[in-house]
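As a plain string of letters, each chain reads:
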Amino acid sequence: MPFDEETNNTYELGLKASLLEGRLQVNLSAFSIDWKDAQFRQTIPSSTPGAILTATRNTGDIETRGFELA
């Protein structure tokens, strides 16, 4: 089964800081992911007992944005 080529642009920006004479450490990051024509492998029902079929298919576009503080 044919499928389209996928593209993925991922960006991340981060900061690590040591404060209060090294007693406090802060890690902060922000990220953005733009995934076009995302591809995933899917299991397809088979008419043959015991057979497992898989196919790569496009599932559409995925956008993720977020941050992490530790």
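Just above, that's the structure.
This one's a predicted model, so the numbers in the text were calculated from it and none came from an experiment.

**Q** Is there a simple way to think about the pairing of strand β1 (residues 7-19) in this case?
**A** Along any regular strand the residues' side chains alternate between the sheet's two faces. With zero of 13 residues buried, β1 is to be regarded as a mostly surface element. Strand direction decides the pairing type here: β1 and strand β2 (residues 24-44), joined by 13 bridges, are antiparallel. Looking across to β2, one finds that Ala17 is bridged to Val26. Taking the residues that link successive antiparallel strands as the turn, the β1-β2 hairpin has four residues, and the phi of Leu20 there is positive, at about 55°.

**Q** Mind showing me how you'd approach the side chain of Thr56 here?
**A** Along the chain, Thr56 falls in strand β3 (residues 53-69). Of note is the side chain of Thr56, whose polar atom sits 3.0 Å from the side chain of Arg41.

**Q** Explanation requested: the sheet that holds β3 in the structure shown.
**A** Within a beta sheet, neighbouring strands are joined by backbone hydrogen bonds and run either parallel or antiparallel to one another. With antiparallel pairing, three strands are arranged side by side in an open sheet as β1-β2-β3. Single-partner strands in this sheet number two, and they are β1 and β3. Recorded for the sheet is a direction-independent mean angle of 15° between the axes of neighbouring strands. Pairing of β2 with β3, which is carried by 15 bridges, proceeds in the antiparallel orientation. Looking at the pairing, Ala30 lines up with Phe67 of β3.

**Q** Please explain a nonpolar patch on the surface as it appears in this structure.
**A** On the surface, Leu15, Leu28, Phe67 and Leu69 cluster together to form a nonpolar patch covering roughly 460 Å² of accessible area. Within the secondary structure, Leu69 sits in strand β3. Taking the relative accessible area as the measure of exposure, Leu69 reaches 60% and is therefore exposed.

**Q** Explain the packing of aromatic side chains to me, please; I cannot follow it from the model alone.
**A** Two measures describe an aromatic ring pair: the distance that separates the ring centres and the angle between the ring planes. Applying the stated criterion across every chain, the model contains one aromatic pair. With 5.5 Å between their ring centres and 50° between their planes, Trp35 and Phe40 make a pair best called tilted. What makes Phe40 partly exposed here is its relative accessible area of 36%.

**Q** Explain the pattern of salt bridges to me, please; I cannot follow it from the model alone.
**A** For the structure on display, the rule yields two salt bridges. In this structure, Arg65 and Asp34 form a salt bridge, with 3.1 Å as the shortest nitrogen-oxygen distance. Here the residue Arg65 occupies a position in strand β3, and Asp34 occupies one in strand β2, the gap between them amounting to 31 residues. The buried category is assigned to Asp34, whose relative accessible area is 18%.

Rules of the game
- Residue positions are given per chain, counting from 1 as you read along its sequence in written order.
- Local features are withheld for residues below a pLDDT of 70 in this predicted model, meaning they are given only at 70 or higher, and side-chain atom pairs are given and counted only at 80 or more; totals for whole chains, interfaces and linings count all residues.
- The side-chain quantities take in all heavy atoms of the structure and omit both hydrogens and water.
- Using a 1.4 Å probe on the protein chains alone, a residue whose accessible area is under 20% of its type maximum counts as buried, one over 50% counts as exposed, and one in between counts as partly exposed.
- Strands are runs of DSSP state E lasting at least two residues, helices are runs of H or I lasting at least four, and both sets are numbered from the N terminus onward.
- The pairing criterion is simple: DSSP has to find at least two bridges between the two strands.
- Distance and chemistry together define a polar contact, namely a pair of N or O atoms within 3.5 Å, with one atom able to donate a hydrogen and the other to accept it when in protein, and with adjacent residues in sequence counting only for side-chain atoms on both sides.
- A fitted line through C-alpha atoms serves as each axis, taken over the contacting stretch for helices, and the angle formed by two N-to-C directions is quoted from 0 to 180°.
- Surface patches are defined over residues having more than 30% relative accessible area and no salt bridge, joining like charges when they lie within 9 Å and nonpolar side chains (Val, Leu, Ile, Met, Phe, Trp, Tyr) when within 5 Å.
- Accessible areas in this description were obtained via Shrake-Rupley with a 1.4 Å probe; residue shielding takes into account the shown protein chains only.
- The term salt bridge refers to a side-chain nitrogen of Lys or Arg lying within 4 Å of a carboxyl oxygen of Asp or Glu.
- Working definition: rings of Phe, Tyr and Trp (its six-membered ring) pair if their centres are within 6.5 Å, and the pair is stacked with planes under 30 degrees apart, edge-to-face with planes over 60 apart, and tilted otherwise.

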